[in-house]
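Summary of structural features
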Amino acid sequence: MFLFHQFCRLIIRFVPIGLTTILLVLGSCAIAQSQLPSLSASTANDSLNPPSTVSRYGEYETAPIQSPLDKNKLFDVTSPTIFNRDKVPEGKLPIEVRAQEVNERLWRILTRTLSAKQTPTVTVAILNNRPVLEIHNDQFTRPIRLVTVTEADADFNGKTPDNLAQEWQKILQDEMIRFKQLASPKALAQRIRQAFQILLGLLIASTTIWFLRRMLTRQQQILEARYQRQLAVLAEAEKARKSEAIASSETTEGEMKAREIADLRAQFLTTLQHQFSLNRQLDINKFLKWALLWIFILMWYIGIANIISTVPLLMRWTLYVWATPLALIAIWFGISLALRISTSAIEILMHSVKANPLLPFGEVQRIALRTTTIASALKGFVSFVLVILGIIWTLSLFNVPTSSIFAGGAVIAFAISFGSQSLVKDLINGCLILMEDQFAVGDVIQIGDKNGLVENLNLRVTQLRNNEGQLITIPNSNITNVSNLTRLWSRIDFSIVVAYENDPIHVLDVLRQISKQLYSEPEWREILPELPEVLGIDDLSHTGMLVRVWIKTAPMEQWRVGREFRLRVRQAFEANNIQIGIQ
């Protein structure tokens, strides 16, 4: 029962892709022979040039007579050149119309041959002193006139009309024999059986691909879980290492600080290397899944093409199946491959920038945040360009005049540009923000009267999350002055007014003791790059003495440290009977 459910899921998942491939193949095929248009689109667009099916050789034009079975060319018919198809001379017939009439008669003969008992016979008759090829069949009461050998046919081929008629007779007779052989019940059953074998093989191969993709998906989940575990282990190891370093008293404070910075940089670069290594494995896993998907598409395409070339009633589409659909698949396979290569190249480039050992540790952390936004913007731009190229090539493949489309699009874009100047400004300013590294995702910034954590940054807008949880969206064109509160490091500007009755030296000593105690504790030492600096008395007024302390912290930690420092100042002032100034 489990296998049955898995097989049903396989069918539900892959049948839509198979049907899409079938529609792609059949949708690009030519219409039936009996419905061929008299003139091609190129004739309607340019009457001075011959249609795509017509070849011009000076005074003569030729067009192919094709087998209704598989569109293979049997021979060419010839007529005098018509230089302007809008003004066809009286008594002359365009060569494409003549070829169309012959091809339609061949199609009618084929449909009757399927139910005939004997093979049709091709004979040469004389009508108006010109050889005429006729088809005799046991279902016809009179022969069907197929084609007349004209003087233009004989002159172009360099043969007499009789010799050319005999040559065409042999070609057509061989084709009638092939008609009859393929129309026999035994041959038809054999070919249908071959088609079902191909279809069965496609289903078996699709099942194999499905299982392989499923295995790759499970492996991807394992790699992602391992990635998260490695990050957790590295974080715990980093905390333990810092605690041991702070607790150790064998080194001086300056030596400890230098060693901590070096160790932090090495540990951070090691973490980046682990991340990059796992990301490479994940990329390989995704590439294999992508390759299996394209193998599946190509497999179904080749299988459908073989089925069409096997079944007699479908053989007339064989040439079209191996033409436009194959080119279409090749185009989008190339676009998809280019997308994957460009994405990997961008990630490798961003990793080389992040893992630069010559940069300061804080700048390395900063670049690690910034490159995420830059990589996202680059990937979006490259994807846009490649998809546009794919659309252009696809339109060209179907003979859609892309030049006129883009000319009209340029006019429309020029008209729209007047109403979307702010959008252009947003994009330009977004590029400048990224290039100048004004801020990045994860920074806390202030823009005018708005402030908050940068949650999203793209070329058009910047989104902030403020203290109340509100998501603020600001167009990049409105960003003129920005304050970055977390660039590399942050600072607490702590100031407090104490009463004149207090001894200023004692007040400053108490603040220094609080600063040293906070800096010496492992929990806070991790986020305090240096000892808080007690600046002294900054102002004297009737309210009291203004005392100022600067506390340098890691980015995003100034609020937590500030709350802890204020609490300790309050407790210390109470314990030392230090009075607060009066407003």
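A brief look at the structure comes next. (Residues numbered from 1 in each chain as written. Predicted model: local features only at pLDDT ≥ 70, side-chain atom pairs only at ≥ 80, totals over all residues. Heavy atoms only, no water.)

**So, the overall build of the chain**
We count it as follows: The secondary structure listing takes helices from DSSP runs of H or I that are at least 4 residues long and strands from runs of E that are at least 2 residues long, numbered from the N terminus. Classification of residues uses two cut-offs on accessible area relative to the type maximum, computed with a 1.4 Å probe and protein chains only: under 20% is buried, over 50% is exposed, and between them is partly exposed. In this description, contact between two residues means that some pair of their heavy atoms is separated by no more than 4.5 Å. Computed by Shrake-Rupley with a 1.4 Å probe, the accessible areas treat only the displayed protein chains as cover when residues are assessed.
Scanning the chain for helices and strands turns up 15 helices and 14 strands. In the chain, which comprises 583 residues, the proportion classed as buried is 39%. The long-range fraction of contacts in the chain, counting pairs at least 24 apart against all pairs at least 6 apart in sequence, stands at 65%. Carbon and sulfur atoms make up 60% of the accessible area of the chain, which amounts to about 32700 Å² in all.

**Observations concerning the sheet that holds strand 6 (residues 144-148)**
For sheets, the rule is that strands pair by backbone hydrogen bonds, running either parallel or antiparallel. The cut-off we apply is this: Two strands are counted as paired when DSSP detects at least two bridges linking them. Every axis corresponds to a line fitted to the C-alpha atoms, with the helix fit spanning only the stretch in contact, and the corresponding angles, defined between N-to-C directions, vary from 0 to 180 degrees.
Strand order across the open sheet formed by 3 strands is 4-5-6, with antiparallel pairing between neighbours. The open sheet has two edge strands with one neighbour each: strand 4 (121-127) and strand 6. Taken over all neighbouring pairs, the strand axes of this sheet differ in orientation by 35° on average, direction set aside. Sheet topology places strand 5 (residues 130-136) next to strand 6; 4 bridges connect them, and they run antiparallel. Bridged to Val 132 within strand 6 is Thr 148. Against the sheet, helix 3 (residues 95-113) contacts strand 5 and strand 6, and its axis sits at roughly 145° relative to strand 6. Contacting strand 4, strand 5 and strand 6, helix 5 (residues 161-183) runs over the sheet at an angle of about 155° to strand 4.

**Let's talk about helix 15 (residues 558-575)**
So the rule is basically this: Here a helix's expected span is defined as the number of its residues, less one, multiplied by 1.5 Å. In this description, one arc is meant: the one made by directions from the helix axis to the C-beta atoms.
Over its 18 residues, helix 15 extends 25 Å from the first C-alpha to the last, a length consistent with the 26 Å expected when each residue adds 1.5 Å. Every buried residue of helix 15 is listed here: Gln 558, Val 561, Gly 562, Glu 564, Phe 565, Arg 568, Val 569, Ala 572 and Phe 573. Down the axis of helix 15, the sector holding all buried residues measures 165°, keeping them to one side. In helix 15, the exposed residues that point more than 90 degrees away from the buried face are Arg 563, Arg 570 and Glu 574. Asn 577, located one to two residues past helix 15, shows a positive phi value of around 55°.

**Examining the nonpolar core**
Filter applied, for reference: Nonpolar core, defined: a set of buried Ala, Val, Leu, Ile, Met, Phe, Trp, Tyr and Cys residues in which side-chain atoms within 4.5 Å join the residues together.
By size, the foremost hydrophobic cluster in this structure holds 29 residues, and its most contacted members are Phe 75, Val 77, Leu 146, Val 147, Trp 168 and Leu 172. Of all the secondary-structure elements, those providing two or more residues to this core are strand 2 (60-66), strand 3 (73-80), helix 3, strand 5, strand 6 and helix 5. What Leu 146 contacts, discounting residues up to four positions off in sequence, is Val 102, Arg 105, Leu 106, Ile 109, Leu 133, Glu 134, Ile 135 and Leu 172. Counting 25 residues, the second largest nonpolar core, distinct from the first, contains Ile 514, Leu 518, Leu 528 and Val 569.

**Things to note about the environment of Lys 425**
Within the fold, Lys 425 resides in helix 12 (residues 421-436). Taking the C-alpha atoms as reference points, Lys 425 and Ser 477, 52 residues apart in sequence, are found 5.4 Å from one another.

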